[in-house]
Amino acid sequence: MRVIFFGPPGVGKGTQAKLLSSRMQIPQIATGDMLRDAVSAGTPVGLQAEEIMHSGKLVPDDVMIGIIREVLGSPRCARGFILDGFPRTLPQAEALTALLEELGISLDRVINFIVDEQEIIRRLTRRVSCPVCGSIFNLGVKDPGGNRVCPNCNGELVQRDDDRPETVIKRLSVYHQSTEPVRTYYLQRGILVDIQGSGSVKSVHEQILALLNHS
Ligand code: AMP
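Residues numbered from 1 in each chain as written. Predicted model: local features only at pLDDT ≥ 70, side-chain atom pairs only at ≥ 80, totals over all residues. Heavy atoms only, no water.

## So, the sheet that holds strand 3 (residues 81–84)
Within a sheet, each strand pairs with its neighbour through backbone hydrogen bonds, oriented either parallel or antiparallel. What counts here: Each pair of strands is called paired provided DSSP finds at least two bridges between the two strands. For helices the rule is a DSSP run of H or I covering at least 4 residues; for strands it is a run of E covering at least 2, with both sets numbered from the N terminus onward. Orientation is described by lines fitted to C-alpha atoms, with helices fitted over the stretch in contact, and by angles between N-to-C directions that extend from 0 to 180 degrees. A contact between two residues is defined here by any heavy atoms of the two lying within 4.5 Å.
Spatially, 2-3-1-4-7 is the arrangement adopted by the 5 strands of the open sheet, whose pairing is parallel. Only two strands of the sheet have a single neighbouring strand rather than two, namely strand 2 (28–30) and strand 7 (192–196). Across the sheet, the axes of successive neighbouring strands diverge by a mean angle of 25°, strand direction being ignored. When strand 4 (residues 109–114) meets strand 7, the two strands line up parallel, connected through 5 bridges. From the neighbouring strand, Val110 faces strand 7, where its bridge partner is Leu192. Sheet strands in contact with helix 2 (residues 31–41) are strand 2 and strand 3, and its direction is about 60° off that of strand 2.

As structure tokens, this is what we get:
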């Protein structure tokens, strides 16, 4: 199964990608996570991306396309993948189409998550994650105890630097300007389906399984 999870930041793509990944035994390819790892490791890509990510803008297309080319061509993606956070621009979508053609494979579905914008802002500014196990929590909704310790592995929960309110507003405006046209790109190719991302984690997961004919 080869799918793209599409939509603005904060709609639950990462949470749902993790669930589907473990259910279907295919990797979640989260470009934001890969970039954050590169920043922590101080690689050349990380050094280039750090300031851009901090300000809520997009990392250049050539860098992102290079990352995706490497990962999709690797054996770990042989059985399929869930792309989470890529493509985010039309040139990225076009490059992905060319790359998949080159690899002789095609996408099964693009799932577009829909959540009201006020809800997105509320979710993002309350989001914390565990740097050790990758779990994501929403303070106040699924409060892991208020002491900011991960209930799964005892790691210290942290807020993402780019989840500050002013950066969230910037990221949403970048989404509308640069990423939204990608929705039409896949709609025209007949593989995009909309999904309401505002239900419970479990109900959204079940909707996704039904859409993918996998239960
Ligand atoms: P995310 O974790 O998906 O919200 O991504 C965090 C940040 O990483 C974004 O705000 C961008 O700065 C950068 N980023 C992630 N994926 C991409 C992409 N496909 N194209 C450009 N920048 C990206």
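## Section: helix 8 (residues 201–211)
As a reminder, the rule being used: Per-residue accessibility, obtained with a 1.4 Å probe over protein chains only, is compared with the maximum for each type, and a residue is labelled buried under 20%, exposed over 50%, and partly exposed between these values. The arc in question is traced by the directions running from the helix axis to the C-beta atoms.
Within helix 8, burial applies to Val204, His205, Ile208 and Leu209. Looking down the long axis of helix 8, one finds its buried residues gathered within 140° of arc, a one-sided arrangement. Of the exposed residues in helix 8, the ones pointing more than 90 degrees away from its buried face are Lys202 and Ala210. Lining the buried residues of helix 8 we find strand 1 (2–6), helix 1 (13–24), strand 4 and strand 7.

## Some words on the pairing of strand 1
Counting buried positions along strand 1 gives 5 out of 5 residues, so the element sits mostly inside the fold. Burial of strand 1 is two-sided: the residues Arg2, Ile4 and Phe6 facing one way and the residues Val3 and Phe5 facing the other way are all buried. Here 4 bridges tie strand 1 to strand 3, and the two strands are oriented parallel to one another. Each bridged residue has a counterpart across the sheet, and for Ile4 the counterpart in strand 3 is Leu83. Relative to strand 4, strand 1 runs parallel, the two sharing 4 bridges. The partner of Val3 across the bridge, within strand 4, is Arg109.

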